[in-house]
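Here are the chains, one letter per residue:
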Amino acid sequence: MTIDNNGQYVPAAGGGVDPSLFDPNGGDPTPRKPRRAWVAVVVATVAILCIGGLGTAVLAEFSNSTNSGSSSNSPQNPLGSTGSGGTANGPFQGGGRAIGQQATAGESIATPSTAAQEVGLVTINTVLDYNEAEQAAGTGMIISSDGYILTNNHVIDGASSIRVTVASSDTTYTAKVVGSDSTGDVAVLKLVGASGLQTVNFAPSAKVSVGDSVYSVGNAEGTGHLVTAVGSVGAVDQALTIGSEDSDSTEHLTGMIQLQSDVVSGDSGGALFNKNGDVIGMVTAASSGSRPVTGDAINIAQVLTVVDQIEAGAVSSAIVYGTPSFIGVDIPTETSTLGVPISATVPGFPAAKAGIVRGDIITAVNGFAVTSATALSTEIRSFKVGTSVYLHWLDSTGGKHTALVTLVAGPAS
């Protein structure tokens, strides 16, 4: 990991992601299930919410919002005022407050971000499940002038397309996934056609102590307007176990910075700054259902270690480069001893083109038997996009079928 004297991330000499791993000018990836809210438990058993994206209903509710309040922050004083009052920006849903609303003891005041605070930051919007009505939102940081973006993996998980808007210029780009690590909750994106962008400044070696003044900037509630939340460090080296509200999957994160700060849905992937305006963490989660609000950020040194691995093309079971191969099937929760039951196929994608329909059972890939959804997914993902493989399946009458299909890019994961 190399950071220059100006706090800029410097790719390793001779490194660089293998261009064959992703195509920034290619077609959009294809989606998986729309992601839901994530909950987590700190070791101290505090319930928190993983604050990646918002569902469609919330995005629609805030689509016409404007930041009518004025900020007391200034470039010379990045932490700004912690006073109460100001003009509210409409009622935030899902655990947040209106901008400028009175905080309870120990909390911060959320204010519209200043131009200086927005430098190097982006808002992220994703479309899920081939459906513009299924959307989610988050935040990201620019780490190179040619458009490499850092964010949480859960912000882009399951995305069929990703649009990123640079806050300082209000310019929107299509983004492609370079690589992601779900175990570290880190993802690197590339903006198509971007150049000359301003980056954030990192302080990966900075000592972070309890009581330090900090502020976070993020796309709170997915409005597309960056918001600054001032606070302090409540604890360091925390451990989290994060799980989806509607699945058994979990993520385990360590070395987290706990914040006394009002971070909310949409802030994930945003920057946590120290009092000097340097990035010391990536905001990831926040408490749910209790006051005062606490948030959690991944220490930026840990984040940049993962970025280094992705940039170097490291071989790891945790890292996925680009978007995985995909055949376009939906798999129900019920199982079959014969193979993997299919509840739906996506029109125009490999499985549907091969003639697989609802109720069919995929039994093998290239003659290799698959008996679970995990086995089928693992086998398909073991091949590069563009590879042709044989699918073997049974129809509803027990008839056997085989077809050669060409794998396409799947959902971000």
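Since we're looking at a predicted model, the values are computed, not measured.

This next bit is on the overall build of the protein chain. Scanning the protein chain from N- to C-terminus turns up 6 helices and 27 strands. Buried positions account for 52% of the 413 residues belonging to the protein chain. For the protein chain, the exposed surface amounts to about 16,900 Å²; the carbon and sulfur share of it is 51%.

Ranked by size, the top nonpolar core spans 30 residues in total, and within it M141, L150, F202 and V307 carry the most contacts. Elements that contribute at least two residues to this core include exactly β11 (186-191), β12 (213-218), β13 (227-244), β14 (250-260), β15 (271-274), β16 (279-287), α4 (300-311) and β18 (319-321). Ranked by residue count, the leading element in this core is α4, at 6 residues. Core analysis: the second largest hydrophobic core is formed by 21 residues, A159, V166, L189 and A194 among them.

Overall, the coordinates contain 2 aromatic pairs when judged by the stated rule. Seen in terms of ring centroids, Y215 and F273 are 4.9 Å apart; in terms of plane orientation they differ by 15 degrees. Their pairing is stacked. You can see Y215 sitting in strand β12 and its partner F273 sitting in strand β15, a full 58 residues away along the chain. Directly above the ring of Y148 sits K190, whose terminal nitrogen or CZ lies 5.5 Å from the centroid.

All right, on to the pairing of β11 then. Regular strands have side chains that alternate between both faces of the sheet. Of all 6 residues making up β11, 6 are buried, and the element is well covered by its neighbours. The side-chain alternation of β11 yields two buried faces, one formed by V186, V188 and K190 and the other by A187, L189 and L191. Relative to β11, strand β8 (residues 148-151) is paired through 4 bridges, and the arrangement is antiparallel. In the sheet register, T151 faces β11, and the bridge partner there is A187.

The next point concerns the confidence of the model for the protein chain. Mean pLDDT for the protein chain: 77, with 71% of residues reaching 70 or above. A low-confidence stretch, residues 18-49 (pLDDT under 50), is modelled with 113 contacts involving residues beyond four sequence positions or located in other chains. Taken as a whole, residues 54-107 scores under 50 in pLDDT and shows 115 contacts with residues more than four places along the chain or in a different chain.

The subject of this paragraph is the side chain of Q117. Mapped onto the fold, Q117 is located in helix α2 (residues 115-118). Among the residues examined, Q117 registers a relative accessible area of 3% and is labelled buried. In this structure the side chain of Q117 is engaged in a polar contact, spanning 3.0 Å, whose partner is the backbone nitrogen of T114.

Tracing the sequence through the fold places L407 in the loop between β26 (400-406) and β27 (408-409). For L407 and T387, which are 20 residues apart along the polypeptide, the C-alpha to C-alpha distance reads 5.6 Å. In this structure L407 touches S325, F326, I327, I380, F383, K384, V385, G386, T387 and V389, once residues within four positions along its chain are discounted.

For helix α6 (residues 373-381), every residue scored as buried is listed here: L376, E379 and I380. An end-on view of α6 places all buried positions within 95 degrees of arc, on one side of the element. Elements that come into contact with the buried residues of α6 comprise β19 (325-326), β21 (340-341), β23 (361-365), β24 (368-369) and β25 (388-394).

A word on α4. An ideal rise of 1.5 Å per residue puts 16 Å on 12 residues; α4 measures up with 16 Å between its terminal C-alpha atoms. Taken as a whole, α4 has its buried residues at I300, V303, L304, V306, V307, D308, I310 and E311. Measuring from the side-chain oxygen of the N-cap residue of α4 to the backbone nitrogen of A301 gives 2.9 Å; that N-cap residue is N299. Positive phi appears at G313, one or two residues downstream of α4, with a value of about 70 degrees.

Not every positive phi belongs to a glycine, and D185 is a case in point at roughly 55 degrees. Of note, D185 is situated in the loop between β10 (171-181) and β11. Note on D185: relative accessible area 0%, which makes it buried. A positive phi angle, close to 60 degrees, is found at E221, a residue other than glycine.

Secondary-structure assignment places L128 in strand β6 (residues 121-128). A relative accessible area of 2% places L128 in the buried class. Residues L128 and P411, 283 residues apart in the sequence, show an inter-C-alpha distance of 8.7 Å.

Within the fold, V188 resides in strand β11. A sequence separation of 12 residues divides V188 from K176, and the C-alpha atoms of the two residues are 8.8 Å apart. Apart from the residues lying within four places of it in its own chain, the contact partners of V188 are Y148, I149, K176, V177, V178, G179, V307 and I310.

Procedures and definitions
- Residues numbered from 1 in each chain as written.
- Predicted model: local features only at pLDDT ≥ 70, side-chain atom pairs only at ≥ 80, totals over all residues.
- Heavy atoms only, no water.
- Helix = DSSP H or I, 4+ residues; strand = E, 2+ residues; numbered from the N terminus.
- Buried < 20%, exposed > 50% of the residue type's maximum accessible area, 1.4 Å probe, protein only.
- Areas by Shrake-Rupley, 256 points an atom, 1.4 Å probe, with all protein chains shown as cover.
- Core = buried A, V, L, I, M, F, W, Y, C linked by side-chain atoms within 4.5 Å.
- Phe/Tyr/Trp six-rings, centres within 6.5 Å; stacked < 30°, edge-to-face > 60°.
- Lys NZ or Arg CZ within 6 Å of the ring centre and 35° of its normal.
- Pairing = 2+ DSSP bridges.
- pLDDT = per-residue confidence, 0-100.
- Contact = heavy atoms within 4.5 Å.
- Polar contact = N/O pair within 3.5 Å; in protein donor to acceptor, adjacent residues only side chain to side chain.
- Arc of directions from axis to C-beta.
- Expected span 1.5 Å × (residues − 1).

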